[in-house]
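Chain by chain, the residues run as shown.
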Amino acid sequence: MTTLRCQANGLWQQPDGVCILNIPTIMVTTSATTVTVAFTAVPTVSQYCAVLTPTASAAQPWASGVPNTTCRATSPVTISSLEEATNFMLQAYLIGPLPRAIQSLRSSTVTVRTNDARPSAAPGMLSATAGLFSGRLTWNPISPVDVNGAFMHYAISFSNGSQITTTTQTTTNVSGLSFGTNYSVTVSVVSSGGTGPNAAVNFTTLQDAPKQPTARFVSLNQEVVVVVTVPTGNYFIRDYCGVFQVVSISGDTSFAKPALEVCNG
């Protein structure tokens, strides 16, 4: 009867017949400075507790090994203000409802590690040299202390967030662009901790100078119609312009009136 009563209340029976809380099942997530422990499939309890103990290593000899116990009335439990890129030993347990406040056995020890922090600086001196259909970007690397983790690459993106390419170098070509068009491009550092702030640059791709057009004149009564043919090229046409001058001839004498420039887009 005792075993059935324990199981009916989500408890576990000790050899002496006393009902205690089951060992909790947990799921762990981490950030650069936090460890979050979510408890699953537990009975009604008053406290969810996590014990986090830093582990010393050659890279982190300062890790003291002093346990940090954090209890909360609800799940999940988040332990914050931790050192990034640090290993910890984690155990979890439950405390039952008051007034008895029966404590469960602790879960098996698992090793967790806080993430590397994201890069804290953007690449410096970002500049662009424009071509007809491309732009060449150059920049200065950030200081190693600002990478905050293992350097992976630089991410090059348009300002709308769509990624263009990645590179481990401090220069790259952005191709496949349209001539005579303005672009805004960003460059950011990506490390094992994530993506850092970006540097941005605007540039306008080049265009060819318009090629010499050919013109054909058609007289219609008191009007002259000019038919212009423009060679194709890498440029935009804003206006078609012509310079006209009226010349009247009387006998052997010609009289020229002031020239008139006319533009029509």
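Structural data are supplied above this passage.
Residues numbered from 1 in each chain as written. Predicted model: local features only at pLDDT ≥ 70, side-chain atom pairs only at ≥ 80, totals over all residues. Heavy atoms only, no water.

### Here's the deal with the overall build of the protein
Tallying secondary structure elements over the protein gives 2 helices and 22 strands in all. Of all 265 residues assigned to the protein, the portion counted as buried reaches 29%. Carbon and sulfur atoms provide 53% of the accessible area of the protein, an area that totals close to 16,200 Å². (Helix = DSSP H or I, 4+ residues; strand = E, 2+ residues; numbered from the N terminus. Buried < 20%, exposed > 50% of the residue type's maximum accessible area, 1.4 Å probe, protein only. Areas by Shrake-Rupley, 256 points an atom, 1.4 Å probe, with all protein chains shown as cover.)

### Concerning the state of the cysteines
Overall, the coordinates contain 1 disulfide when judged by the stated rule. Each sulfur of the disulfide joining Cys49 and Cys71 lies 2.0 Å from the other. Taking the sign of the S-S torsion, 115° for the link of Cys49 and Cys71, the bridge is right-handed. Placement of Cys49 in strand E5 (residues 47-54) and of Cys71 in strand E6 (residues 68-72) is noted, with a sequence separation of 22 residues between them. Classification of Cys71 as partly exposed rests on a relative accessible area of 25%. (Disulfide = S-S within 2.5 Å.)

### Regarding unusual backbone geometry
Between Ser75 and the following residue, Pro76, the backbone shows a cis peptide bond with an omega angle of 5°. Along the chain, the position of Pro76 falls in the loop between E6 and strand E7 (77-79). Despite not being glycine, Met125 has its phi angle at roughly 55°, a positive value. Its place among the elements puts Met125 in strand E10 (residues 124-130). For Asn148, which is not glycine, the phi torsion reads 55° and is therefore positive. Within the element layout of this structure, Asn148 appears in the loop between helix H2 (144-147) and strand E12 (151-158).

### Focus on the nonpolar core
Ranked by size, the top nonpolar core spans 17 residues in total, and within it Leu126, Leu137, Trp139, Tyr154, Ile156, Val187 and Phe203 carry the most contacts. Only strand E11 (135-140), E12, strand E15 (182-191) and strand E16 (194-204) provide two or more residues apiece to this core. Here this core takes 4 residues from E15, the largest share from any one element. (Core = buried A, V, L, I, M, F, W, Y, C linked by side-chain atoms within 4.5 Å.)

### A closer look at the sheet that holds strand E8 (residues 87-95)
Strands sit in the order E6-E5-E8-E9 across an open sheet of 4 strands; the sheet is antiparallel. For this open sheet the edge positions go to E6 and strand E9 (110-113), each flanked by a neighbour on one side alone. Strand-to-strand twist of the sheet, defined as the mean angle between neighbouring strand axes without regard to direction, takes the value 30°. As paired elements, E5 and E6 share 5 bridges and run antiparallel to each other. Residue pairing across strands places Leu52 opposite Asn68, the latter belonging to E6. (Pairing = 2+ DSSP bridges. Axes fitted to C-alpha atoms, helices over the stretch in contact; angles between N-to-C directions.)

### Observations regarding the sheet that holds strand E4 (residues 35-40)
Within a sheet, each strand pairs with its neighbour through backbone hydrogen bonds, oriented either parallel or antiparallel. Spatially, the 3 strands line up as an open sheet ordered E3-E4-E7, and their pairing is antiparallel. Two strands close off the open sheet at either side, each with one partner strand: strand E3 (25-30) and E7. The mean inter-strand angle of the sheet, taken between neighbouring strand axes irrespective of direction, is 20°. In terms of strand pairing, E3 meets E4 through 6 bridges, oriented antiparallel. Looking at E4, one finds that Met27 is bridged to Ala38.

### Some details on the pairing of E5
Counting buried positions along E5 yields 7 of 8 residues, so the element is predominantly enclosed. As defined by bridge partners, E5 adjoins E8 across 8 bridges and the pair is classed as antiparallel. Looking across to E8, one finds that Gln47 is bridged to Ile95.

### Side note on the pairing of E16
As paired elements, E15 and E16 share 9 bridges and run antiparallel to each other. Bridge pairing in E16 places Ser191 opposite Gly194. Here E15 hands over to E16 after 2 residues, the two strands then running antiparallel side by side.

### Details of the packing of aromatic side chains
Considering all chains together, one arrives at 6 aromatic pairs under this definition. A centroid spacing of 5.3 Å and a plane angle of 65° characterise the contact between Trp139 and Tyr154, whose relative ring orientation is edge-to-face. Of this pair, Trp139 sits in strand E11 while Tyr154 is found in strand E12, placing the two residues 15 residues apart along the sequence. On the basis of relative accessible area, Trp139 is assigned to the buried category, the value being 3%. Taking relative accessible area as the criterion, Tyr154 reaches 4% and is therefore assigned buried. Summarising the aromatic geometry, the rings of Phe158 and Tyr183 are spaced 6.0 Å apart at their centres and angled 35° between planes, so their arrangement reads as tilted. (Phe/Tyr/Trp six-rings, centres within 6.5 Å; stacked < 30°, edge-to-face > 60°.)

Take it as geometry only, folks, not as evidence of what the structure does.
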